[in-house]
Amino acid sequence: MLPRENRLTEDYDFRKLQRYGRTFRTPYFNFVVNVNKFPEKPSRFAFVVSKRLDKRATVRNRLRRRLCEALQGNLSSLRPGFDGAFYPRALMINKPYEEIVHCLNQLLPKTLLLK
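(A) Structural view of the packing of aromatic side chains. All told, the structure shown has 5 aromatic pairs when counted by the stated rule. Aromatic rings pair up to connect Phe29, Phe31, Phe45, Phe47 and Phe86 into one cluster.

(B) Layout of the pairing of strand β4 (residues 82-88). Where burial is concerned, most of β4 is hidden: 6 out of the 7 residues are buried. Direction of pairing for strand β2 (residues 29-35) relative to β4: antiparallel, over a ladder of 7 bridges. Following the sheet pairing, Val35 is matched in β4 by Phe82. Here strand β3 (residues 44-47) pairs with β4 via 4 bridges, running parallel. Counterpart to Phe45 in the pairing with β4 is Gly84. What joins β3 to β4 is helix α2 (residues 57-72), and the crossover it makes is left-handed.

Cut-offs used in this document
Residue numbers run consecutively from 1 along every chain, following the written order of its sequence. Under the rules for a predicted model, residues below a pLDDT of 70 receive no local features and side-chain atom pairs below 80 are neither given nor counted, while totals for whole chains, interfaces and linings still include all residues. Neither water nor hydrogens contribute to the side-chain values; these are computed over all heavy atoms in the structure. Stacked, edge-to-face and tilted are the three classes for Phe, Tyr and Trp ring pairs, Trp counted by its six-membered ring, which pair at centre distances within 6.5 Å; planes under 30 degrees apart are stacked, over 60 edge-to-face, the rest tilted. Each residue is assigned to one of three classes by its accessible area relative to the maximum for its type, calculated with a 1.4 Å probe on protein chains only: buried under 20%, partly exposed between the two thresholds, exposed over 50%. Put simply, DSSP H or I for four residues or longer makes a helix, DSSP E for two residues or longer makes a strand, and each gets a number counted from the N terminus. We treat two strands as partners when DSSP finds at least two bridges between them. Seen with its strands pointing away from the viewer, a crossover is right-handed when the path leading from the first strand over the helix to the second is clockwise.

Shown next as structure tokens:
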């Protein structure tokens, strides 16, 4: 689980992210990122897994935990002042954790979130 300071929870922030954020697509997930209103605060992230992906809560929670764990390894190397949301895709359900981490590590330099 991400530390509280790195969690995006407010509905207002989600709406702002959807409206003004930039979307990056990968085979396993979509990532939406935007600058937040506090540039000195740590970056905040959310993981949104729809029931449309799978009806079983255990599968949805596993996807959320895998993405969270993959992101936690990179938290110390991320720039502050950004909001982001991960939206897993159906391909991610049966993929090993190492592939998800590899995909995330390839995506982060493109988003300019790395220090």
